[in-house]
Amino acid sequence: MSSKEEKMESAEKQAAIENDTDAASNEASGSIEELDELVEQQQKRINELEEEIQGVKDNHLRKAAEMENFKKRLQRERESVYQKSRENAIEAFLPVNDDLRRTLEALEQANADKSFVDGVRLVADKFQDVLDRYNVERIDEEGVPFDVNLHDAMLRQPASDESIESGTVLQVLESGYRIGDKTLRHAKVIVSE
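The structure contained in this document is the topic of the report that follows. Because the structure is predicted, anything quoted here is derived from the model rather than measured. (Residues numbered from 1 in each chain as written. Predicted model: local features only at pLDDT ≥ 70, side-chain atom pairs only at ≥ 80, totals over all residues. Heavy atoms only, no water.)

1. Here we look at the overall build of the protein chain
In step 1: A count of helical and extended segments in the protein chain gives 2 helices and 6 strands.
In step 2: In the protein chain, the order of α-helices and β-strands from amino to carboxyl end is α-α-β-β-β-β-β-β.
In step 3: Looking at the protein chain residue by residue over its 193 residues, the buried ones come to 18%.
In step 4: Here the contacts in the protein chain between residues at least 6 apart in sequence split such that 64% fall between residues at least 24 apart.
In step 5: With an accessible surface of roughly 14,800 Å², the protein chain has 51% of that area assigned to carbon and sulfur atoms. (Helix = DSSP H or I, 4+ residues; strand = E, 2+ residues; numbered from the N terminus. Buried < 20%, exposed > 50% of the residue type's maximum accessible area, 1.4 Å probe, protein only. Contact = heavy atoms within 4.5 Å. Areas by Shrake-Rupley, 256 points an atom, 1.4 Å probe, with all protein chains shown as cover.)

As structure tokens, this is what we get:
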């Protein structure tokens, strides 16, 4: 082969090598771009899934908090219903207690048979024990300032003693009752002018 042909062949080989190298380089850069794009898509998908997981966690925590609030509200309502039922039951028996006390006073004033009076007193004391067990207090004090939370004024009249201030309970016509701070029945009273 002549030197020209050799050069030509060498140039063709060199061109073929360069073409192969360029093709390989293009193929490799194409693969890298595809890999970068694939990695980017996977990273987007990972981010989406992480956001979705965080949303599910937040939703779960919100539902758990709502459930806890519901339980607390239900417990408060149960306690309220129990307290109201207890108050209603006690309130229904208060007139019976008042009648027992009036009967006892009348029997004592009439000098009734001692054993009969003792029997009525025993029943009245048992009734009072039940009221004490449920922390029911009688409102029947005289000589105290009138309080709208405890008393119901039936009449205003001048006091027999000048030293008694206006707005003082002179006489209790019917006892009132309360449990703690809640008044079950206001005491019916006569108040000084």
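2. Observations concerning the sheet that holds strand 2 (residues 151-157)
In step 1: Reading across the sheet, the 3 strands line up as 2-6-3 and stay open at both edges, with mixed pairing between neighbours. The sheet is open, and its two edges are formed by strand 2 and strand 3 (169-174), each paired on a single side. Sheet twist, expressed as the average angle between the axes of neighbouring strands with direction ignored, equals 30°.
In step 2: In this structure, strand 2 lies alongside strand 6 (residues 187-192), joined through 6 bridges in parallel fashion. By the bridge assignment, Q157 is partnered in strand 6 with S192. (Pairing = 2+ DSSP bridges. Axes fitted to C-alpha atoms, helices over the stretch in contact; angles between N-to-C directions.)

3. Focus: the nonpolar core
In step 1: Grouped together as the largest cluster of nonpolar side chains are 14 residues, with contacts concentrated most on I90, L94, L131, V136, Y177 and L184.
In step 2: Elements that contribute at least two residues to this core include exactly helix 1 (3-109), helix 2 (114-133) and strand 4 (176-179).
In step 3: Beyond its immediate sequence surroundings of up to four residues, L184 is in contact with E87, I90, E91, L94, Y177, R178 and I179.
In step 4: Counting residues in each nonpolar core, the second largest holds 7 residues, with I139, L150, V172 and V191 among its members. (Core = buried A, V, L, I, M, F, W, Y, C linked by side-chain atoms within 4.5 Å.)

4. Comments concerning the pattern of salt bridges
In step 1: Summed over the entire model, instances satisfying the criterion amount to 10 salt bridges.
In step 2: Between K182 and E87 there is a salt bridge; the shortest N-O distance is 3.4 Å. A residue pair is termed long-range when its members are at least 10 positions apart, and K182 in strand 5 (residues 182-185) and E87 in helix 1 qualify at 95 residues.
In step 3: Using a relative accessible area of 37% as the deciding quantity, one classes K182 as partly exposed.
In step 4: Since its relative accessible area comes to 5%, E87 is described here as buried.
In step 5: One continuous salt-bridge network, built from bridges that share partners, spans E108, K114, D118 and R121. (Salt bridge = Lys/Arg side-chain N within 4 Å of Asp/Glu carboxyl O.)

5. Some points on the side chain of S175
In step 1: Among the structural elements, S175 can be located in the loop between strand 3 and strand 4.
In step 2: A polar contact of 2.8 Å, which involves the side chain of S175, links it to the side chain of R138.
In step 3: When sequence neighbours within four positions are dropped, the list of residues in contact with S175 reads R138, I139, D140, R185 and A187. (Polar contact = N/O pair within 3.5 Å; in protein donor to acceptor, adjacent residues only side chain to side chain.)

6. Quick word on the sheet that holds strand 1 (residues 136-139)
In step 1: Strand order in the open sheet formed by 3 strands is 1-4-5, and the pairing between neighbours is antiparallel. The sheet is open, and its two edges are formed by strand 1 and strand 5, each paired on a single side. Neighbour-to-neighbour, the strand axes of the sheet open up by a mean angle of 35°, direction not taken into account.
In step 2: By the bridge criterion, 4 bridges tie strand 1 to strand 4 in an arrangement that is antiparallel. Counted as the bridge partner of E137 is R178 from strand 4.

7. Section: a nonpolar patch on the surface
In step 1: A cluster of nonpolar side chains, namely M67, F70 and L74, defines an oily patch on the protein surface of about 270 Å² accessible area.
In step 2: Take F70: it is sitting in helix 1. (Patch = residues over 30% accessible without salt bridge, like charges linked within 9 Å, V, L, I, M, F, W, Y side chains within 5 Å.)

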